[in-house]
Amino acid sequence: MQHSNKIISILSKVPKNHHHHHRHPSSPLSSFQTFSLLVSNNPTITTIIQKSFFSSSTITTQQQQQQQHIKIVEVGPRDGLQNESIFIPTPTKINFINKLINAGCNNVEVTSFVSPKAIPALEDHSEVMSEIVTTWKKQKDDGREIILSSLVPNVKGLEKACEVGAMDEVAIFGSVSETFSKKNINCSVQESITRFHNVSKITQEKNIPLRGYISCVLGCPYEGNIKPSSVAKYAEQLLELGCHEISLGDTIGVGTPKATVEMLREVKTVADTKQIAVHFHDTYGQALANIYASITEEGISVVDSSVAGLGGCPYAKGASGNVATEDVIYMLHGMGMHTGIDLDQLIEAGLYISNVLGRPTRSKVALALSTKKG
């Protein structure tokens, strides 16, 4: 603005007939030619324009570098498989997770340390996590930053996770909807925060990073619309508990880009942008659009997704599954962003687990590229 004012000041002092010098009166100079002539004859304007140009170029480059890497949290093994009606054999789960990590997925939600009565599909949580921790220990020791995460509903779940060395990160989950909270974790919204205090205390003592999930941030199957201020309030309470990252989940997939941006702006009044992750279900086909808006408009750099579009929520009827990681990666790489994930290997992992489940992949990208190759 300061540079612009200087240019305007200089231009205002230029004689009105300046542009007629050395020209026939019947062929006046264009605005661009006039401006070029003034710039070439006035070193002050030239210097100001050069400074403005290089300054803006630097800012653009810095913004691009900041936006370049998007962290993908692969939730397929937990959020995906927990909702399956058939039990996936333990060796198959382990093989599936290894394929994901081999594809470059460095942040994987491996399992959930919940009661087998609540989620029988993940009753082998300890065996799976123990094997994965052992398998990738050497690469982690050699410097590869692999985060093996797990969901823990309470202190008992946390203790089980610690027993098998699952200490990279643990996650707690709650909802901003009272009805959903009661049906999902059998307590009120405020009671859930109270419950998490004991988990938080132990994670701080053991120096285990704590992640917080919030369900129903853009709508609830029982209560309808959710106020962005309610999401922000719950996020603030989770941050006060010691969560380093808050994953905002559109559990029933009703959100649109406009609603997403409004909700994120409210949450950003209590959290740093780098502390926020987005977790979209694709029930209404809005997930990619919402992710795009989150990244480009609000600077979000952490995205949860599930390979092959696995999963949904056992307590949210009609929630047809997470956005497919393959589709997210294809979009992000097309935007020139870096994820560290090999799309071909990721597609292979998705087709592997889809074949085990006996159904086609829900990833549009995987289907398109598989058909193309076939």
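That block above? That's the structure.
Notes on the structure follow.

## A look at the overall build of the chain
Within the chain, the secondary structure is distributed over 16 helices and 8 strands. Look at the contacts in the chain between residues 6 or more apart in sequence, and 74% of them connect residues 24 or more apart. Here the chain has roughly 18200 Å² of accessible surface; of this, 52% comes from carbon and sulfur atoms.

## Things to note about unusual backbone geometry
Unusually for a residue other than glycine, N207 sits at a positive phi of about 60 degrees. As for its position among the elements, N207 is in the loop between α10 (189–206) and β5 (210–215). What makes N207 exposed here is its relative accessible area of 68%. Of note in the backbone geometry, A308 takes a positive phi value of approximately 65 degrees without being a glycine. Within the secondary structure, A308 sits in the loop between β8 (302–305) and α14 (325–334).

## A look at the side chain of S247
Mapped onto the elements of the fold, S247 is located in strand β6 (residues 245–250). The class for S247 is buried, based on a relative accessible area of 1%. A distance of 2.6 Å separates polar atoms of two side chains, one belonging to S247 and the other to D304. Once you skip the residues sitting within four places of it in the chain, S247 turns out to touch R211, G212, Y213, I214, A277, H279 and D304.

## Here we look at the pattern of salt bridges
With the rule as written, the count across this model stands at 14 salt bridges. Where R211 meets D304, a salt bridge forms, and the shortest distance between an N and an O atom there is 2.8 Å. Within this pair, whereas R211 is found in strand β5, its partner D304 is found in strand β8, the two being separated by 93 residues in sequence. Residue classification places D304 among the buried residues on the basis of a relative accessible area of 1%. As a salt-bridge pair, K258 and E262 come within 2.8 Å of each other at their nearest N and O atoms. Taken as a pair, K258 and E262 lie in helix α12 (residues 257–267) at a separation of 4 residues, close to a single helical turn. Take E262: its relative accessible area is 41%, and that puts it in the partly exposed class.

## Some words on the pairing of strand β4 (residues 169–175)
With 7 of its 7 residues buried, β4 lies for the most part within the structure. The alternating pattern of β4 places E169, A171, F173 and S175 and V170, I172 and G174 on opposite faces, both of which are buried. Pairing of strand β3 (residues 147–151) with β4, which is carried by 3 bridges, proceeds in the parallel orientation. Looking at β4, one finds that S149 is bridged to E169. Tracing the backbone out of β3, into helix α8 (residues 155–163) and back to the parallel element β4 gives a crossover that is right-handed. Pairing between β4 and β5: 6 bridges, direction parallel. Pairing of F173 across the sheet is with Y213, part of β5.

The rules we used
- Residues numbered from 1 in each chain as written.
- Predicted model: local features only at pLDDT ≥ 70, side-chain atom pairs only at ≥ 80, totals over all residues.
- Heavy atoms only, no water.
- Helix = DSSP H or I, 4+ residues; strand = E, 2+ residues; numbered from the N terminus.
- Contact = heavy atoms within 4.5 Å.
- Areas by Shrake-Rupley, 256 points an atom, 1.4 Å probe, with all protein chains shown as cover.
- Buried < 20%, exposed > 50% of the residue type's maximum accessible area, 1.4 Å probe, protein only.
- Polar contact = N/O pair within 3.5 Å; in protein donor to acceptor, adjacent residues only side chain to side chain.
- Salt bridge = Lys/Arg side-chain N within 4 Å of Asp/Glu carboxyl O.
- Pairing = 2+ DSSP bridges.
- Right-handed = clockwise from strand over helix to strand, strands pointing away.

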